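Coordinates in review
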Amino acid sequence: MTSSIDQAWTLAKERFAQLGIDAEAAIKQLDTLPVSIHCWQGDDVAGFENPEGSLTGGIQATGNYPGKARNAQQLRADLELAISMIPGPNRLNLHAIYLESDKPVARNEIEPKHFTGWVDWAKKNKLGLDFNPSCFSHPMSADGFTLSHANPEIRQFWIEHCQASRRVSASFGRALGTPSVMNIWVPDGMKDITVDRLAPRQRLMSALDEVISEKFDITEHIDAVESKLFGIGSESYTVGSNEFYLGYAASRGTALCLDAGHFHPTEVISDKISAAMLYVPRLLLHVSRPVRWDSDHVVLLDDETQAIASEIVRHDLFNRVHIGLDFFDASINRIAAWVIGTRNMKKALLKALLEPTDLLKKLEAEGDYTARLALLEEQKSLPWQAVWDMYCQRHDVPVGGQWLDTVRHYETSVLAKR
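All of these numbers come straight from a predicted model, not from anything done at the bench.

Within the protein, the regular secondary structure consists of 14 helices and 12 strands. In terms of overall size, the protein behaves like a compact globule, its C-alpha atoms giving a radius of gyration of 22 Å where 418 residues would be expected to give roughly 22 Å. If one aligns the C-alpha atoms of the protein with their principal axes, the spans along those axes are about 65 × 55 × 40 Å. Within the protein, the fraction of its 418 residues that count as buried is 54%. For the protein, long-range pairs separated by at least 24 residues make up 81% of all intrachain contacts whose partners lie at least 6 apart in sequence. When the accessible surface of the protein is split by element, carbon and sulfur atoms take 52% of a total near 18,300 Å².

Next comes the structure, spelled out in structure tokens:
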């Protein structure tokens, strides 16, 4: 018996075909676009190095929703549930503070062996792994400086941490057969008026050069650097500004990370993608939702998320752009946050794949802006949801909001007992 999903899918295919769009091809393309899910949504960026420690570095996770993960086993169980409700390929993005060890490990002494549990789990769940050094929430970052610190001993500690992190990242790539993207972000900056803005940036540039001096095959490891406009405690001056990292990535051939919350309130990263791609070999995207500031709210299927996805698709950047998520909301169910945000990112990618891009570009080249606008608006009401439902059905994940019942059951049977 044909289901309503199958019927809607058949009609949707016909509708899109009228515009020259192959809905089946769009689904197949979506199956080649993994989204890297960030582990830190599951425990409010606490990690396992010192879970009861305070979160520093201009970062905040607000709210106290019950049931957050307290150890790696709980976090992996929560992630497994979330991933079971997200269709298509995914990756997992780890921070260094999510290591597993029976005894304390200094951050500049982390090794691949401290992450074997994650690698084994990734193999079991057919996931790639990405990585990040954790240059925050540590006594040696207490004054707001790490890789640009004026004290050479403190600076060297963070250089060694990032170097060790790259070796961990490369080990992921070797073990899993897919390159690990390692993103370097540091909180360095000052709260008030800054006189010498040049010296910290000189130190940061030199430190980063030392960090990336060891060579790894791009099939195992990819370096990325990430800017930020400001953070709590660094409101007046951020060493790693957009201009600094754009220049660094372009001159050193690293990937550039664009975070949706790291710019002025009226700036969007979707417009930066095509500009940055002229100068850097790869982009890493941290898709998030800023509200007032870099508050990292759960990703919505809003105009900016759609614009980000459309830029990737319209310019055929599938092999040069790595899509990651970065939000941490402790005011709602953390598993639901993962599911909502990741499904929305994938919905945006599917909608972009179902756009009549060639026709729109043709109209634009011919100067027919009237038809361009009309078609852009008309396509918003095309039956993309029917294609999404079929995509979910083929991946055997809940269609529509059915997944919420599973999360609610898990909340009462598992999370409430933590």
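Next comes the rest of the write-up.
This part takes up the environment of I27. Examined against the element boundaries, I27 turns out to sit in helix α2 (residues 23-30). The spacing of I27 and R282 is 255 residues in sequence and 24 Å in space, taken between C-alpha atoms. Excluding residues within four positions of it along the chain, I27 makes contact with W9, V387, M390, Y391 and R394.

Turning our eyes to something else, we now look at the side chain of S288. The topology assignment puts S288 in the loop between β9 (283-287) and β10 (289-291). Once residues lying within four places of it in the same chain are set aside, the contact partners of S288 are D259, A260, D296, H297, V299, D326 and F327.

Quick look at the pattern of salt bridges now. Counted by the stated rule, this structure contains 17 salt bridges. The shortest N-O distance in the salt bridge between D223 and R166 comes to 2.9 Å. Of this pair, D223 sits in strand β6 (residues 221-226) while R166 sits in helix α5 (residues 152-176), and the two are 57 residues apart along the sequence. Considered together, D223 and R166 belong to a single accessibility category, that of buried residues. Residues E214 and R167 are paired through a salt bridge, measuring 3.1 Å at the closest nitrogen-oxygen approach.

Each domain of the protein was delimited in the assignment, giving domain 1 (1-31 + 356-417) and domain 2 (33-354). Centre-to-centre, using C-alpha coordinates, domain 1 lies 29 Å away from domain 2. In total, domain 1 and domain 2 occlude about 2,700 Å² of area from one another, counting both sides; carbon and sulfur atoms represent 69% of this. Among the residues domain 1 hides against domain 2, the three largest losses belong to L30, W384 and W388. Together they make up 25% of the total. There are 0 salt bridges connecting domain 1 and domain 2. Connecting domain 1 to domain 2 are 7 residue pairs in polar contact (both at pLDDT 80 or more). Of all the elements in the fold, those that place two or more residues in the side of domain 1 that touches domain 2 are α2, α11 (357-365), α13 (384-394) and α14 (403-413). A total of 6 residues in the side of domain 1 that touches domain 2 trace back to one element, the largest contributor, which is α14.

Here the focus is the packing of aromatic side chains. Both the distance between ring centres and the angle between the ring planes are used here to describe each pair of aromatic rings. Taken as a whole and assessed by the stated rule, the structure comprises 11 aromatic pairs. Both rings, one in F115 and one in F172, keep their centres 6.1 Å apart while their planes meet at 80°; by these two values the pair is edge-to-face. With F115 in the loop between β2 (90-95) and α4 (116-125) and F172 in helix α5, the pair connects residues that are 57 residues apart, well separated along the chain. The interplanar angle of 90° and the centroid separation of 5.5 Å between the aromatic rings of F131 and F172 together place this pair among those described as edge-to-face. Of this pair, F131 sits in strand β3 (residues 128-132) while F172 sits in helix α5, placing them 41 residues apart in sequence. Across this residue pair, the class does not change: F131 and F172 are buried.

A word on the state of the cysteines. Scanning the model with the defined rule gives 0 disulfides in all. In this model C39 remains outside any disulfide bridge; the closest cysteine sulfur is found in C257, 15 Å from its own.

As a further point, take the environment of R252. The residue R252 is located in helix α7 (residues 242-252) in this model. Overall, R252 belongs to the partly exposed group, its relative accessible area being 34%. A distance of 2.9 Å separates the side chain of R252 from the side chain of D209, its partner in a polar contact.

Bringing unusual backbone geometry into the picture now. A negative phi angle characterises most non-glycine residues, just as the trans form characterises most peptide bonds. Even without glycine at this site, D296 takes up a positive phi of about 55°. Turning to its location among the elements, D296 is positioned in strand β11 (residues 293-297).

The rules we used
- Residues numbered from 1 in each chain as written.
- Predicted model: local features only at pLDDT ≥ 70, side-chain atom pairs only at ≥ 80, totals over all residues.
- Heavy atoms only, no water.
- Helix = DSSP H or I, 4+ residues; strand = E, 2+ residues; numbered from the N terminus.
- Rg over C-alpha atoms; globule rule 2.2 N^0.38 Å.
- Buried < 20%, exposed > 50% of the residue type's maximum accessible area, 1.4 Å probe, protein only.
- Contact = heavy atoms within 4.5 Å.
- Areas by Shrake-Rupley, 256 points an atom, 1.4 Å probe, with all protein chains shown as cover.
- Salt bridge = Lys/Arg side-chain N within 4 Å of Asp/Glu carboxyl O.
- Domains from an automatic or database assignment.
- Buried area = accessible area lost by both parts, 1.4 Å probe.
- Polar contact = N/O pair within 3.5 Å; in protein donor to acceptor, adjacent residues only side chain to side chain.
- Phe/Tyr/Trp six-rings, centres within 6.5 Å; stacked < 30°, edge-to-face > 60°.
- Disulfide = S-S within 2.5 Å.

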